[in-house]
Amino acid sequence: MKSCGVSLTTAAVAFGDEAKKMAAGKASRESEEESLSLTVEEREALGGMDSRLFGFVRLHEDGARTKTLLGKAVRCYESLILKAEGKVESDFFCQLGHFNLLLEDYSKALSAYQRYYSLQADYWKNAAFLYGLGLVYFYYNAFHWAIKAFQDVLYVDPSFCRAKEIHLRLGLMFKVNTDYKSSLKHFQLALIDCNPCTLSSAEIQFHIAHLYETQRKYHSAKEAYEQLLQTENLPAQVKATVLQQLGWMHHNMDLVGDKATKESYAIQYLQKSLEADPNSGQSWYFLGRCYSSIGKVQDAFISYRQSIDKSEASADTWCSIGVLYQQQNQPMDALQAYICAVQLDHGHAAAWMDLGTLYESCSQPQDAIKCYLNAARSKRCGNTSTLAARIKFLQAQLCNLPQSSLQNKTKLLPSIEEAWSLPIPAELTSRQGAMNTAQQNGSDNWNGGQSLSHHPVQQVYSFCLTPQKLQHLEQLRANRDNLNPAQKHQLEQLESQFVLMQQMRHKEVAQGLHKSQSSCLSGPNEEQPLFSTGSAQYHQATSTGIKKSNEHLTLPSNSVPQGDADSHLSSHTATSGGQQGIMFTKESKPSKNRSLVPETSRHTGDTSNGCADVKGLSNHVHQLIADAVSSPNHGDSPNLLIADNPQLSALLIGKASGNVGTGTCDKVNNIHPAVHTKTDHSVASSPSSAISTATPSPKSTEQRSINSVTSLNSPHSGLHTVNGEGLENSQSSTKVDLPLVSHRSTSQIIPSMSVSICPSSTEVLKACRNLGKNGLSNSCILLDKCPPPRPPTSPYPPLPKDKLNPPTPSIYLENKRDAFFPPLHQFCTNPKNPVTVIRGLAGALKLDLGLFSTKTLVEANNEHMVEVRTQLLQPADENWDPTGTKKIWRCESNRSHTTIAKYAQYQASSFQESLREENEKRTQHKDHSDNESTSSENSGRRRKGPFKTIKFGTNIDLSDNKKWKLQLHELTKLPAFARVVSAGNLLSHVGHTILGMNTVQLYMKVPGSRTPGHQENNNFCSVNINIGPGDCEWFVVPEDYWGVLNDFCEKNNLNFLMSSWWPNLEDLYEANVPVYRFIQRPGDLVWINAGTVHWVQAVGWCNNIAWNVGPLTACQYKLAVERYEWNKLKSVKSPVPMVHLSWNMARNIKVSDPKLFEMIKYCLLKILKQCQTLREALVAAGKEVIWHGRTNDEPAHYCSICEVEVFNLLFVTNESNTQKTYIVHCQDCARKTSRSLENFVVLEQYKMEDLIQVYDQFTLALSLSSSS
């Protein structure tokens, strides 16, 4: 692995030579040149400094000397770059990026890394560069790109010394993105690693426990939290936060006994948490909620007061205070508290709803409607349908009331517009002195004779904004890019007024707080509040946006589910909305106001709005990037260019290079990465050139480059989408290109080689001698010099719109001879046909489909296990969110299990229920036209929800030949290419069972049952037969477009490989993606070709059977290997062990296709080299390799930690070996657990002589056509 540090010495020497030449002509600069020279000692000190030291060099503690040295090195390099007019080695820029990163000058680091990227064609070999780039992306909250950069590091160098740090940050980012499965995996990988990291093991364990809580796995979370409390020497801050979480969980969830018992436990946990950290505003807030729920009003007020005193202003706290006041029949005080809440957080749905309820109770329906509308607009509102019904009810009431009664009616409370603009009166907090309220239309005493004054509207400050102006401000912000100069000026004025209004309002609240002697209503602190407006969140900040390492980072996270906001007022048991986690380094000390799980939004249902304060990670994730950039009243965010040296800026951003974009960037969230498409010129000169993907034409490459330039804020880029919410565009008119490490032209998964694949095993082994332990350690089947895999770009030129609904290739069979006709096999496996429907197959082959009917299945094995997916019944071409308000890609379903007999009963009852509904419709609607109109009306209502719940019986295993002998024997009637087992099926050569792939699976369906979008495991072909009696509707997209669908998944915060998703056909149409759509009738066989993307919905009641097939073709093998490598990059297990399969193919199959032969032979070459290299390294290190061998039908082995395939040399723990459980590790995971492998034994399954023999005997067979 190439390190940037290697080139530093050369760079420094070159700098000395260049400096002498440039200084020769100008004596006046001699002293300056001398001062910028690096001494030999300084060069040696800098030689080992790169991104890998980030977070481990404490520049602000005792690293003043290091900081000075790095600063001098930066000045030296910048000076050299200027004098050479940018014509220096690319390593200069890489090292300059490292130095700036270590100095935490992220904008300069980004510029330097960008320049290196544009100059270095094989940048991906440099793990230190990729790591540094990932850290910069992480700092700028560009999680989409940071994830890709970090994954590339682990792919090119699995043993990277900062792998633990990468897994930690990946875990955090996936947690933010709600990809909880990936998050948990990376947290666990970080936990087993014994290398140093910026977080302790206890803190990582906390994140794992909190992840369970976020997924609503409360018992698992409780168990993990309690286990963590047993840890010796647990840091006080971690202990306090764990106790806080346990207390809040007991308050919200039925973990123990009745309400009194669980509240007792909750209060005990929270009191213990406050003993560990008395300054936690969050714990005080939670304690107040607990007291409030059991009626201890005074204790609740005291706790809320403590919360406000010890933490920044919280909308949750003010909302809870409002609830208490309302319960105590003090509506004016409640109003003021609710106004505080919604001004802190405009999208606080619960506060708006509570405020609406307050207005309703005071008979002011017009104001109530306005509040309910604001609640409904909030993205965190979980019951819009209930709200809509309430709004309609109130509007109907208003219509029935005479206008005079509305005008003459005395208002008990000021209107929402008046209340919004009013300063907070001192009386609200001091509660001293009764004041005359004659200025109002009527006076009311709310507190035992003490009255509150209501300031007249005339006293409203000039900078106060009415709700109408605020709504106008949101609209201007949303359309910022399309504003004319006058509108932009108006936007600036409104934003200025808004900031001043917020500052003044919270200043008044704080002043009132300190005056108070007995009230619980305290104001916010000196920091600006976090609030949301429109689709973006703004964090009012006065900093420049470059946080130092002693500051905190806010990381959006998720936690406990939301209670019904409507029930909040009456029951006062609303749950936490967005709980968070914070991290500390071993060296860092928590500040008094920090908590491991900071402010949670208890009211909001959108779990994305929580923020985790993370302290100790050396670079920082902000809740959203420099939200203040939209306002002229805030400091500028870090500039990507060097403000004091525009000439150097021009060189760094690449004005001298034709393929690098130019410009400046004044705002952080306006970074625009560009794709600098590189083409691989080492093609077609070797035998394996046929294996590689086609090299794009220059025109094609140019077009890809143009089309791939995306903005971090572009609606098509998905860069800054955190839980579906994009960043606000700034007003910057210029853009800077980032080194984009994600969207490039399709990489060559099995690329052209500079070596021959024809050497004998003797030559291979000779070449492997004495490579030492630094030889290849991972099991990559690719060349040493091959970039990480990338999804394909959308084919160019794009298809015209009239070609986006192509006819489905279909074959109609009339007899058995047609089914066995060789061209049928060729037609199905032709890569140009992504799908083939073979109509009438069952009839032509006289298949007894009745063997797979529900009745027969129940008679055969009624207790057989069935996996059940609970889904929502929706139209096949649409996918709505559960509320029916918008179309989405996410397609969730809950998993459970039952038996065939029970599901059969459900299937039958579903059918009977449908018949009853049809009969009722016929009775009610005699006229056919009436029927049609009613049907369409019902359809429209159904699409808007609520949706009916259905159950889909899936993944029913039919692999047991004893149980399903008749059924499996019937399938032998199929032609050889479609059978479950055949000599020409690659999956028949794996040597062991892969459930659902080389075995049959059954699916039992009711109408609406969905198989979400996916490609088959490892891109193998699949066979699906509809048993009937109902139909199924299929949607199919060619393999070439899977990269486009992957992009859509990322934009919708979904994992293409692991999440459940249902594509929006409108999105695909706009992206020029062709979709095959067809009906599969009973007896039809659907052949899904290699790599084809598809999703299916049942039209009627039916059963289906399916399995996978691997045709013996170069295309199938190539796509399977590509997905094998893509899975490895994405840390996803490959069900098909391609290395194991390749060796079995070499043993069992004679290959006559040159392309397929070259690919398999090359795989053998790579693995032979890896086995020999690793074996010699282990022997040289004194590690004994123990012969273990293999048993018949023994499955391939995977690492129990990272799930990569482990071939031949198995690393097994001593304990596991003694117990003969053989828990396998790969070498990298074994070394992370035990650096010198003292806790492991190495088992060998194949003799090198056997592998050598297989390799040498695997030769290209002559085809029948050539031999004849």
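Enquirer: An account of the overall build of the protein is needed here, citing residue identities and associated values.
Expert: Regarding its fold elements, the protein presents 46 helices and 23 strands. Expressed as a percentage of the 1268 residues in the protein, the buried residues total 59%. Summarising the internal contacts of the protein: among those between residues at least 6 apart in sequence, 79% fall at separations of at least 24.

Enquirer: Please provide a residue-by-residue account of the sheet that holds strand β15 (residues 1085-1088), values included.
Expert: With mixed pairing, the 9 strands of this open sheet are ordered in space as β5-β6-β15-β12-β17-β10-β9-β7-β8. Of all strands in the sheet, those with a lone pairing partner are β5 (810-812) and β8 (894-899), marking the two edges. Sheet twist, expressed as the mean angle between neighbouring strand axes with direction ignored, is 25 degrees. The pairing of strand β7 (residues 865-872) with β8 spans 6 bridges and is classified as antiparallel. Paired with R869 across the two strands is R895, which belongs to β8.

Enquirer: Could you give an account of the pattern of salt bridges, naming the residues involved and the relevant values?
Expert: Within this structure, the stated rule accounts for 28 salt bridges. Between K855 and E859 there is a salt bridge; the shortest N-O distance is 2.8 Å. One end of the pair, K855, and the other, E859, are both in helix α34 (residues 854-861), 4 residues apart, so they sit about a helical turn from each other. Here the two residues K855 and E859 agree in accessibility, since each one is exposed. In this structure, E867 and R869 form a salt bridge, with 3.1 Å as the shortest nitrogen-oxygen distance. Residue classification places E867 among the buried positions, given a relative accessible area of 10%. The exposure class of R869 is partly exposed, given its relative accessible area of 23%. Salt bridges here are not isolated pairs; linked through shared partners, they connect E867, R869 and R895.

Enquirer: Let's hear about the environment of S982: which residues, and what values?
Expert: Locating S982 in the fold gives a position in the loop between α37 (965-970) and β10 (1001-1005). Apart from the residues within four sequence positions on either side, S982 is in contact with A976 and S988.

Enquirer: Any chance you could break down helix α12 (residues 218-229) for me, citing the residues and the numbers?
Expert: With 12 residues, α12 extends 16 Å from end C-alpha to end C-alpha; this agrees with the ideal 16 Å at 1.5 Å per step. Taken as a whole, α12 has its buried residues at Y218, A221, K222, A224, Y225 and L228. Here the buried residues of α12 occupy an arc of 165 degrees about the axis, which is enough to place them on one side. In α12, the exposed residues that point more than 90 degrees away from the buried face are H219, E223 and Q227. Of the surrounding secondary structure, the elements contacted by the buried residues of α12 are α11 (201-214) and α13 (236-252).

Enquirer: Go over the sheet that holds strand β18 (residues 1185-1187) with me, naming the residues and quoting the values.
Expert: By definition, the strands of a sheet pair up through backbone hydrogen bonds, in either a parallel or an antiparallel sense. Taken in spatial order, the 4 strands line up as β18-β23-β21-β22 in an open sheet, and their pairing is mixed. What marks the edges here is a single partner per strand, and that holds for β18 and β22 (1224-1225). The sheet contact formed by strand β21 (residues 1209-1213) and β22 spans 2 bridges and is antiparallel. For F1211, the partnering residue across the bridge sits in β22 and is H1225. The strands touched by helix α42 (residues 1154-1180) are β18, β21 and β23 (1240-1244); relative to β21, the strand with the most contacts, the crossing angle is about 45 degrees.

Enquirer: Which residues make up the nonpolar core, and what are the values?
Expert: Residues F129, F150, V1037, L1045 and L1068 are the most contacted members of the largest nonpolar core, which totals 80 residues. The biggest single contributor to this core is helix α7 (residues 127-139), with 10 residues. Apart from residues no more than four positions distant in its own chain, F150 is found in contact with Y131, G134, L135, F138, I166, R169, L170 and M173. Membership of the second largest hydrophobic core comes to 56 residues, among which are A315, V342, Y372 and L394.

Rules of the game
- Residues numbered from 1 in each chain as written.
- Predicted model: local features only at pLDDT ≥ 70, side-chain atom pairs only at ≥ 80, totals over all residues.
- Heavy atoms only, no water.
- Helix = DSSP H or I, 4+ residues; strand = E, 2+ residues; numbered from the N terminus.
- Buried < 20%, exposed > 50% of the residue type's maximum accessible area, 1.4 Å probe, protein only.
- Contact = heavy atoms within 4.5 Å.
- Pairing = 2+ DSSP bridges.
- Axes fitted to C-alpha atoms, helices over the stretch in contact; angles between N-to-C directions.
- Salt bridge = Lys/Arg side-chain N within 4 Å of Asp/Glu carboxyl O.
- Expected span 1.5 Å × (residues − 1).
- Arc of directions from axis to C-beta.
- Core = buried A, V, L, I, M, F, W, Y, C linked by side-chain atoms within 4.5 Å.

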